[in-house]
Amino acid sequence: MAFSLLKAIRNTHRHPVNRILHYIGLPLYIAGIAMIASYVIGQNTNPVSGLVLLIIAISLFLTGHKVEGNLRAMTLIILFKYLKVRIKD
């Protein structure tokens, strides 16, 4: 499953603009999650800033997939499809 999932992810990220937008969005996504998680565990971070970073990152991901023409092939959608097939087996 892992190999075919990675292959599917690679096949949905071929356009250079999509890749660039994902390279920019991924650190923002991780930072946003980290800021929100830090706030939840009691650290002095701003969860609104974390949420803003998440929204920006997801917007970049969506824009990249729109440019590539495969908006329905985002990683989470592919992952849920694979899990759905695996659960049925």
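Relevant structure appears above.
Keep in mind that what you see is a predicted model, and the values were worked out from it rather than measured.

Thresholds, definitions, all that
Residues numbered from 1 in each chain as written. Predicted model: local features only at pLDDT ≥ 70, side-chain atom pairs only at ≥ 80, totals over all residues. Heavy atoms only, no water. 1 Å grid on protein atoms, 1.4 Å probe; cavity = no way out; pocket = protein on both sides within 12 Å on 5 of 7 lines; lining within 4 Å. Points joined across faces, edges and corners; volume = space filled by probe spheres on them. Helix = DSSP H or I, 4+ residues; strand = E, 2+ residues; numbered from the N terminus. Nonpolar A, V, L, I, M, F, W, Y, C, P; charged D, E, K, R; others polar. Buried < 20%, exposed > 50% of the residue type's maximum accessible area, 1.4 Å probe, protein only. Polar contact = N/O pair within 3.5 Å; in protein donor to acceptor, adjacent residues only side chain to side chain. Contact = heavy atoms within 4.5 Å. Expected span 1.5 Å × (residues − 1). Bend = angle between axes of the 7 residues up to and from the residue.

Overview of the layout of surface pockets
- Looking at the largest pocket, its volume works out to about 430 Å³.
- Taken together, 13 residues make up the lining of the largest pocket; nearest its centre are H13, H22, L26, F61 and T75.
- Of all the secondary-structure elements, those providing two or more residues to the lining of the largest pocket are α2 (16-40), α3 (47-68) and α4 (75-88).
- Residue contributions to the lining of the largest pocket peak at five residues, all from α2.
- A breakdown of the residues in the lining of the largest pocket according to their chemical character gives eight nonpolar, four polar and one charged.

Observations concerning the side chain of N70
- Along the chain, N70 turns up in the loop between α3 and α4.
- Residue N70 is classed as buried on the basis of its relative accessible area of 15%.
- A distance of 2.9 Å separates polar atoms of two side chains, one belonging to N70 and the other to H65.
- Setting aside residues no more than four positions away along its own chain, N70 makes contact with T12 and H65.

A short note on α2
- Between its terminal C-alpha atoms α2 stretches 36 Å, which fits the 36 Å expected from 25 residues at 1.5 Å a residue.
- The largest bend in α2 is about 25 degrees, located at G25, with the proline P27 one to four residues further on.
- Here α2 has its buried residues at N18, L21, H22, G25 and G32.
- As for α2, its buried residues are in contact with α3.
- Following α2 by one or two positions, G42 has its phi on the positive side, about 100 degrees.

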